[in-house]
Structures are given as C-alpha cells and as structure tokens.
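Working through the structure, step by step
So you can see what is in the structure, the chains are spelled out below.
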Amino acid sequence: MPTSNHAFRDRVVVITGSAQGIGYAVAEMLASRGAYLILNARRSEKVAQAKAKLLSITPHVDGLAGDVSDESFTQELVRFAIERFGRLDILINNAGVAAGGLFKDTQGHAFRKVIDINLLGSVYPTLAALPELTKTQGSILFIGSVAGFAGLPRFAAYSSSKRALVNLAESLRTECWDEGVFVGIHYPGFTENEADKTTLDPMGREVVLQKRPGVRALSREQTATKILNQLEKRRFRMYSSKSAMAVDVFYRWFPGLFMRLIVLFRARIMAMQ
Ligand SMILES: NC(=O)c1ccc[n+]([C@@H]2O[C@H](COP(=O)([O-])OP(=O)(O)OC[C@H]3O[C@@H](n4cnc5c(N)ncnc54)[C@H](OP(=O)(O)O)[C@@H]3O)[C@@H](O)[C@H]2O)c1
C-alpha cells in the first residue's frame, strides 16, 4: 500500500546505516516524498556516494559518517541533524550487522561487537534523540528481524541482539505512552542483499555474505515501502512480508511447538546466511 505523498513532507529524518541496503532504499523513498534527510554509515566514502545520489532527488540531504556503537558519535549525529535542518522528527535505527556461527566457536569480543552495533547502536541514538523527538512529537523506529522472534541455532548473537530490540521498543513505547512520541519496531522479511553486504564470523571478522540459496527475497523497495507505511500509520509492530508476520504470530501462540520445529529444521536453518 503506497504512503500518502504529504506524510513526510518537511520532516527531518535521521536514518542510521543508510549508505546502502534497506536504509538507503528508505532514504530514497523519503527523499522523493519531501523529507529532509541525514544519512549515516561508518565508511565516509559510502556516505558521500549515497548523498550524491540523493542530491539528484532533493537538495535537503546531508550525511555524517561514524559508528553508532560509539555513544558520543550518536550525540554528534543528532546535534548535526538539528543544526543542519533545525529540528528532528524521525529516527530510524536501521544500522545493523549480520552474524553467524556456532555459539561454541564464537569469541567473546565477536559476540560483544554484535550487541554493540545491533543493540547499543540503537540505544545510543535513541537516548540522544529522545529530548528533541519529545518536543516534535516525533517517531522512533527500530529495525528488528525474523531472527529475533526466537533464538535460532548458529545465530545466537544476532538473534539475541534483535530480540533485545523488541524488549527495548516495548519498554520505551510504554514509557512514552503519554508523551506523543511514536515508538515502533519493524521486522523485515528476507530482503535482497547488496552484493558487498558483510556478516561477522565467530572471530568477529567481516566476511562478504554468500547469496542465500533458494530464498525468495523481497526487494529493498518493498521493504522500504512497508517501513514508510508503518511510520505513517504509527503502528507499533509491522512486518515487511506476510510470512514474517505468520512466523511471529505462530511463535507467540505456540512457542513450544515453534521450538520443536526449529529443532526439526535446524540443519536447514543453520545452512542459512
Ligand atoms: N536484509 C535482510 O534480509 C534483513 C532481514 C532482517 C533484518 N535486517 C536488518 O535491516 C537492517 C539493514 O540491513 P541491510 O540488509 O540493509 O544491511 P547492509 O546492506 O549491510 O547495510 C547496513 C548499513 O549499516 C551501516 N552500518 C553497519 N554498522 C554500522 C555502525 N556500527 N554504525 C553506523 N553504520 C553502520 C553499513 O555501512 P558501513 O559498513 O559503512 O558502516 C551499511 O550502510 C539491519 O539492521 C539488519 O539487521 C535485514
């Protein structure tokens, strides 16, 4: 379902991890709907490239390179947005890393890196942005994952980090209930990866993600459209695909059966990237 054209006009949006992938697709869609955008990723050349592409759609785009797992950087990011465009209306906590490997093979620092980026990398920007978003009655969206519904074999760190985001979003939502700030969590289904998308191995090294065999993935534009729908409707929980929703509902109604199915299909799950 398309979003209305005016819903994001003149809204100032910070999207973490938006130099490529889902974050960039969301930025591109928001740009064409009149939003003011602040892009972010760690690699400055990627941020510059993304900004250059979006400048062909809107003059209202800027970017700041840095790591969202660094709290002081996230304060700088929020300050930069407010100084650049005068306010902040929407924070999309999208930056995240994929990670795989058996738990027993995982080094402690590798596990911590996943938590630092996927969980604390959403906590810090939210802490920094909350005062301004309270003033503007703005929105905070977390990007979860199907892998965060329940702990999956070979994805202990990633599943833990994404599950923790659900609880964070729930706590914040109830705390903000009377403040007018929208808090939500979006669950992308499998979405097509950029060719150079990386995953963390159990040693904490970034390795290029192999193509997922036999997985039908959503386009990044499909996922971005769902994310914009959620922001517009201010719904707490939304999914990019019907199958992601079905899996979550099934897990919440029948957690015991769900875990037995995971055990049954663990070889197939563990072969996934
Ligand atoms: N694709 C899927 O199927 C899928 C499914 C479920 C959930 N998700 C979630 O959706 C989000 C986006 O995924 P994607 O597939 O678009 O990933 P992606 O292609 O790897 O893009 C991730 C972006 O985040 C940036 N980034 C990574 N770590 C960062 C950090 N510490 N600080 C700032 N920026 C950082 C990356 O750039 P740099 O490396 O330059 O920092 C990149 O621009 C993630 O949270 C992911 O877990 C994706």
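Worth saying up front: this structure is predicted, and the values here are computed from it rather than measured.

Cut-offs used in this document
- Counting from 1, residues in each chain are numbered in the order their sequence is written.
- Only residues with pLDDT of at least 70 are given local features in this predicted model, and only at 80 or more are side-chain atom pairs given and counted; all residues enter the totals for whole chains, interfaces and linings.
- Calculation of side-chain values draws on the structure's entire complement of heavy atoms; hydrogens and water are dropped beforehand.
- Only DSSP runs of H or I covering at least 4 residues are called helices, and only runs of E covering at least 2 are called strands; the numbering of each starts at the N terminus.
- Radius of gyration here uses only the C-alpha atoms, and the compact-globule reference equals 2.2 Å multiplied by the residue count raised to the power 0.38.
- For the exposure calls, accessible area comes from a 1.4 Å probe over protein chains only, and a residue counts as buried if that area is under 20% of its type's maximum, exposed if over 50%, partly exposed in between.
- Contacts are residue-level and defined by heavy atoms, with any inter-residue pair within 4.5 Å sufficient.
- Per-residue and other accessible areas follow the Shrake-Rupley method at a 1.4 Å probe size, with only the shown protein chains counted as cover for residues.
- Counting rule applied: Lys, Arg positive; Asp, Glu negative; His and chain ends not counted.
- Here the site of a charge means NZ on Lys, CZ on Arg, CG on Asp, or CD on Glu.
- Each pair of strands is called paired provided DSSP finds at least two bridges between the two strands.
- Orientation is described by lines fitted to C-alpha atoms, with helices fitted over the stretch in contact, and by angles between N-to-C directions that extend from 0 to 180 degrees.
- Any angle from 65 to 115 degrees is called roughly perpendicular, while one under 35 is roughly parallel, one over 145 is roughly antiparallel, and all others are oblique.
- Here a crossing is taken to be left-handed if its near helix is turned anticlockwise relative to the far helix by less than a right angle, and right-handed if that turn runs clockwise.
- Three classes are used: nonpolar for Ala, Val, Leu, Ile, Met, Phe, Trp, Tyr, Cys and Pro, charged for Asp, Glu, Lys and Arg, and polar for all others, with Gly counted as polar.
- Take the buried Ala, Val, Leu, Ile, Met, Phe, Trp, Tyr and Cys residues and link them wherever side-chain atoms come within 4.5 Å; each set so joined is a nonpolar core.
- We count a salt bridge whenever a side-chain nitrogen from Lys or Arg sits within 4 Å of a carboxyl oxygen from Asp or Glu.

Across its full length, the chain holds 9 helices and 10 strands. The C-alpha atoms of the chain give 18 Å as radius of gyration, which agrees with the globular expectation for 273 residues (19 Å, within 12%). Along the first, second and third principal axes, the C-alpha atoms of the chain reach 50 × 40 × 30 Å. Across the 273 residues of the chain, 49% fall into the buried class. Look at the contacts in the chain between residues 6 or more apart in sequence, and 73% of them connect residues 24 or more apart. As displayed, the chain offers around 13100 Å² of accessible surface, 55% of which is attributable to carbon and sulfur atoms. Charge centroids of the chain, computed over 35 positive and 25 negative side chains, lie 9 Å from each other.

We now examine the sheet that holds strand β4 (residues 90–93). Pairing is parallel across the open sheet formed by 7 strands, whose spatial order is β3-β2-β1-β4-β6-β7-β10. Each of the sheet's edge strands pairs with one partner strand only, and the pair in question is β3 (61–65) and β10 (237–239). Averaged over all neighbouring strand pairs, the angle between strand axes comes to 20°, with direction disregarded. Two elements, strand β6 (residues 139–143) and strand β7 (residues 182–187), share 5 bridges in a ladder whose sense is parallel. Note on β7: the bridge partner recorded for I143 is H186. On the sheet, helix α2 (residues 44–54) packs against β2 (36–41) and β3 and is oriented at approximately 175° with respect to β3. Seen against the sheet, helix α6 (residues 220–233) touches β4, β6, β7 and β10 and runs at an angle of roughly 155° to β7.

For the pair helix α1 (residues 21–32) and α2, interaxial distance at closest approach is 10 Å and the crossing angle is 25°. By the angle between their directions, the pair α1 and α2 is classed as roughly parallel. Regarding α1 and α2, the two cross each other, and that crossing is right-handed. Counting all contacts with α1, which are made through Y24, A27, E28 and A31, the residues of α2 involved are A50, K53 and L54. Residue composition of the contact of α1 with α2, by class: 5 nonpolar, no polar and 2 charged.

Now for the nonpolar core. Counting residues in each nonpolar core, the largest one holds 30 residues, and the members touching the most others are V14, L88, I140, F142, V183 and I185. Elements represented by at least two residues in this core include exactly β1 (12–15), β2, α3 (71–85), α4 (108–136), β6, α5 (156–175) and β7. Considering each element in turn, this core owes the most residues, 5 residues, to α3. Membership of the second largest hydrophobic core comes to 29 residues, among which are F8, L37, L39 and F182.

Examined against the element boundaries, D62 turns out to sit in strand β3. Look past the residues within four positions of D62 in its chain and what remains in contact with it is L37, I38, L39, K51, F80, R84 and F85.

Following the criterion strictly, the structure yields 12 salt bridges and no others. The partner of K46 in a salt bridge is D196, with the nearest N and O atoms 3.0 Å apart. With K46 in helix α2 and D196 in the loop between β7 and β8 (198–200), the pair connects residues that are 150 residues apart, well separated along the chain. For D196, a relative accessible area of 32% gives the class partly exposed. One salt bridge connects K104 with D105, and the closest N-O pair in it is separated by 3.7 Å. Among the ionic contacts, a cluster of salt bridges with common partners joins R11, R87 and D89.

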